[in-house]
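A closer look at the structure
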Amino acid sequence: MAVPPPARARHIDRAVGVGVSAAAIIVLVAGAAGVVSGSAALAIGAGAAALWAGGYLIHAALDIHHADQSFVACRGAGFVGLAALTAGLSAVLPFWAPPHPGLWATLLFGLAVAFYAIGTMLLPGMATGWVTRSRRAFDGAGLGVSLAFAGYLATPMRDQHTTLPIIALGAAGIATATVTVLRGRPLRWAAVRCGVGATAVMIGLGALAFGVDGVAVPLAGIPIVLGLAATADGGSRRGLPRPPLEPRYPDQYLASYPLLAIPAAVGVVAAVWHLVTGGAWDTTAILLGITMVAVLAMRELLVVHDIRRYAGQLQTAEAHFRSLVAGATDLTLVLDERLRIKWQSAPLFGLSDAEVVGRRFRDLIHPDDVTEAQAVIDSVLAGEHADAPPALVTARMRDGGHLWRDTESTIADQRRVPEVAALVVHVRDVGERIHLERTLHKMSYSDQLTGLANRRALMRDLLAFRRRPGQQGTLIVIDLHGLAEINDSRGRETGDAALAEVARRIRSLIGGDDIAARLGGDEFAVLTTDGAVLAYALATRIATVVAEPQPLPGAVVELHTSIGLAELAGGGDSDEVLRHADLARRRARQLGLDRVEWYDPDVEMALNRRMDLEKQLLGAIERGELDLVFQPVVSLRDEQPAGVEALLRWRHPEFGTILPNEILPIARAVGIAPEIDEWVLDAACRHLTTWATKDSGFWLSVNVAPRELLTARFPDRVATTLQRYGLEPERLVVEVAETWVAEDVPAIVASLANLRKLGVRAALDDFGSGQASLSHLRRLPVDMLKLHSSLANKASEANTGGGPAVIDVVVSLGRRLGLEIVAKGLETEEQIERVARAGCVYGQGFIVGRPAPAERMEAYLDSHSTGRGGTPPGS
């Protein structure tokens, strides 16, 4: 962010001041150490600091005068600057050594004290008018004279008449600066720094005026340098408050009495002590006492005068209150002819009189509402509402906590009423009503559980996005998986907590211009301004972060997502963009958990096909559309068929033949996978009984999904089917894909063990394609290992890598475990030769035989059973 030129200039000036002060202190320390003479160090260090501070303050005063076109605000900085230059002259005196140095030091010290006292009283906000400043001066003078009186009576100072003026001037100046700064309301730290700095300078100058010598000379310059820096920083600040009005009630001015009591108490105690100790009263002591009493008496007269004046103002204020305040719930303001607030009824908004009275009414109004409010006020001043009800102004107003309140104000023209002669404004706080309206509006456009936007808000913002010219963007639709299980097992409270956590994670990932929404249930959306690449990256991060475990009270839950994306410019209207993103989300769900997919027309075609297939698969068994084909498994030694694998086909009347990799996911999605598995088992066994084979060891393998395999009734169903068709159990092989084993190893082991008890054999299919460990292989009660086709395709590794191929290792392991090895995916004679050398007993693939209908498979088996051989089916 660029720094404004005025602020940059102030930073530079402050840096220069810090540098000058640091250099001055270094010179003074060098003088104290004896590197240079003490007087020269004081003249150089303190003189340079005073020259910079004085020039800086006088320049600041000129800037303030140029900006405000008035001498009122700049006088304080100017006098403080003159005091700094006078301090510089005092610092040069020890090095200059003029005749009568004590006299010069006292004169310059007195001049600096006067400048500092006047300058602090003229700072904005410290005192208003010469009456108030005279009070401050009497306060400081009274305290100073009383301290000088006490010091003269109680210390040996009475024998050193040259020190008396210094102490009297210093005490009066320090007391005046302190009282002026502390009495300023509101108290501002800039003025405090200026007062503290002036006190430090006066202390240092007083030490020099006392005539210190040696190492004390440069050391006295250190408080001078630090005080000059503080006065330069505080006295030049334009952020000092505007001069407040005088207190409006007599009891507010009773705070003056402690300031009268302190110097009186100091003088009385000193006089009593002097009488007790038997001291003599000389002329100087008597003059100091008389002066102290005179100053305190004048100050007391001013207090009495002020109390009488404020008592009259109080009576006027009470009359205003009785005639103008209509109700205690409203704030009543009285505006003068310049529309400045000259009276308020009560600080209902936390605004004190000092913060309100004397300011323009428009200064309390929010900048965005000033124009409309000013127009209403101008119409009132023009007399347009003379015979009409009071004008109404709806605007935000600042309260005492510097917050904006929603208000309604009625403005009445009371300029014709002699006792009022002003505009009367009744301000009512309508924040609760506005808050209720905003809350209702927010509730209609936000989700109450997560705090995100709802579907209605998303569609509104989506329409606004699309109307922006040249606006790119992406709609991301997120569907959660696993929430229903959490609600069922952990309760809806835990589910709601999980949804809130998902919303928090999504909100933490999106940008400031993006919009997160909950569409309902377990569906969320993000409207982002990012293009395709960044939007895809955002969706990927969302999938990753949402999938991380959620440590909720009493449970750790996990959720997964399916995410679809659609470009905002890709649809005809907002509803179509949302439909595209939802179609992409459904496609991602089909492909698996935590997937991210873009919408394209092909996706929509695939989804339409998927929806049609889902509807039609439900009755495919009854309509006789399901079919089985069989692929032979042959012995690699004699090329005789040893078994067949039953493969599912759907003979769709419109789409043709549909393969298992498309059928089975749809079946699992619509919940008929068990029925299809049962139909496959029954149809395969029925076909096997119709084939005449001499080899009683000829077997049939069927693929079984893990969910069906793990059902308790699956072994009974297998036993019933074998009994129905009179098949030996060892002729049936149940295949389980390796990729499914890791889902629940103990349960699969138990289920396969139950099948083994029946005599049914088991095979681990596609071994080598997943992540099944050797420990799983040892635990699984399988009789056959069907190798993935990729192992046969890597048969050349043994020749190029210098070591055994993977298939050699796998076959060797399987044989040691007593398993029959089937090599799948054989397509060339070279592959057959290679897997045979590795030790595979059986082979399966297109080179051996393609999948064929039951009739062709029966003919193929017949030809081999008669010893005539035959062409592989499907070739």
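The structure reproduced in this document is the subject of the present report. Fair warning: this is a prediction, and the values are worked out from it, not measured in the lab.

Calculation notes
Residues numbered from 1 in each chain as written. Predicted model: local features only at pLDDT ≥ 70, side-chain atom pairs only at ≥ 80, totals over all residues. Heavy atoms only, no water. Helix = DSSP H or I, 4+ residues; strand = E, 2+ residues; numbered from the N terminus. Buried < 20%, exposed > 50% of the residue type's maximum accessible area, 1.4 Å probe, protein only. Areas by Shrake-Rupley, 256 points an atom, 1.4 Å probe, with all protein chains shown as cover. Salt bridge = Lys/Arg side-chain N within 4 Å of Asp/Glu carboxyl O. Pairing = 2+ DSSP bridges. Axes fitted to C-alpha atoms, helices over the stretch in contact; angles between N-to-C directions. Contact = heavy atoms within 4.5 Å. Core = buried A, V, L, I, M, F, W, Y, C linked by side-chain atoms within 4.5 Å. Parallel < 35°, antiparallel > 145°, perpendicular 65-115°, else oblique. Left-handed = near helix turned anticlockwise from the far one by under 90°. Nonpolar A, V, L, I, M, F, W, Y, C, P; charged D, E, K, R; others polar. Polar contact = N/O pair within 3.5 Å; in protein donor to acceptor, adjacent residues only side chain to side chain.

A tally of helices and strands in the protein yields 31 helices and 22 strands. The 875 residues of the protein split such that 46% are buried. Taken as a whole, the protein presents about 42,300 Å² of accessible surface, with 59% of it coming from carbon and sulfur.

Let's shift gears to the pattern of salt bridges. For the structure on display, the rule yields 30 salt bridges. One salt bridge connects Arg360 with Asp363, and the closest N-O pair in it is separated by 3.1 Å. Judged by its relative accessible area of 37%, Arg360 is partly exposed. For Glu820, the salt bridge goes to Arg761, with nearest N and O atoms at 2.9 Å.

This brings us to the sheet that holds strand β1 (residues 331-335). Remark on secondary structure: sheet strands pair via backbone hydrogen bonds, oriented parallel or antiparallel. Pairing in this open sheet of 5 strands is antiparallel, and the strands run β2-β1-β5-β4-β3 from one edge to the other. Since the sheet does not close on itself, it has two edges, and those belong to β2 (341-344) and β3 (391-398), each with one partner. Averaged over all pairs of adjacent strands, the angle between their axes in this sheet comes to 30 degrees, without regard to strand direction. Where β3 lies against strand β4 (residues 404-414), 8 bridges are found, and the strand directions are antiparallel. Bridge pairing in β4 links Leu392 to Thr410. Docked against the sheet, helix α12 (residues 370-381) engages β3, β4 and β5 (422-429), running at close to 140 degrees with respect to β3.

Next up on the list: the nonpolar core. Counting residues in hydrophobic clusters, the biggest one holds 73 residues, and the most contacted among them are Phe630 and Leu787. Element by element, the count of residues in this core is highest for helix α21 (residues 673-690), at 8 residues. Excluding residues that lie within four positions of it along the chain, Leu787 makes contacts with Phe767, Ile807, Val810, Val811, Ile821, Val822, Ala823, Lys824 and Cys840. In this structure, Ala87, Leu93, Ala105 and Ala177 belong to the second largest nonpolar core, which totals 38 residues.

If you trace the 5 strands from one edge of the open sheet to the other, you get β7-β8-β6-β11-β12, paired in mixed fashion. Because the sheet does not close on itself, it has two edges, and the strands there are β7 (515-520) and β12 (595-598). The average undirected angle you get between the axes of adjacent strands in this sheet is 20 degrees. The sheet contact formed by strand β11 (residues 560-567) and β12 spans 4 bridges and is parallel. Residue pairing across strands places Ile563 opposite Val596, the latter belonging to β12. Strands in contact with helix α18 (residues 574-591) are β6 (474-481), β7, β8 (523-528), β11 and β12; relative to β11, the strand with the most contacts, it is inclined by about 140 degrees.

Below, the discussion takes up unusual backbone geometry. In the Ramachandran plot, Leu339 falls in the positive-phi region, its phi being about 60 degrees despite a non-glycine side chain. Looking at the secondary structure, you find Leu339 in the loop between β1 and β2. With relative accessibility at 15%, the residue Leu339 sits in the buried group. Positive phi values are uncommon outside glycine, yet Asp766 reaches one of about 55 degrees. Summarising the element assignment, Asp766 is placed in strand β18 (residues 761-767).

For the pair helix α23 (residues 714-725) and helix α25 (residues 745-758), the least separation of the axes is 9 Å and the interaxial angle reads 25 degrees. Between α23 and α25, the angle falls in the class roughly parallel. Note that α23 runs across α25; the crossing there is right-handed. Listed contacts from α25 to Phe714, Pro715, Val718 and Ala719 of α23 are Asn754, Leu755 and Leu758. For the contact of α23 with α25, a count of residues per class yields 6 nonpolar, 1 polar and no charged.

Let's shift gears to the pairing of strand β16 (residues 699-703). With 4 of 5 residues buried, β16 lies mostly within the body of the structure. Relative to β16, strand β14 (residues 641-652) runs parallel, the two sharing 3 bridges. Across the sheet, the residue bridging to Gly643 is Trp699, located in β16. Pairing between β16 and strand β17 (residues 732-737): 4 bridges, direction parallel.

Examined against the element boundaries, Arg816 turns out to sit in helix α29 (residues 806-816). Since its relative accessible area comes to 64%, Arg816 is described here as exposed. Of note is the side chain of Arg816, whose polar atom sits 2.9 Å from the side chain of Ser812.

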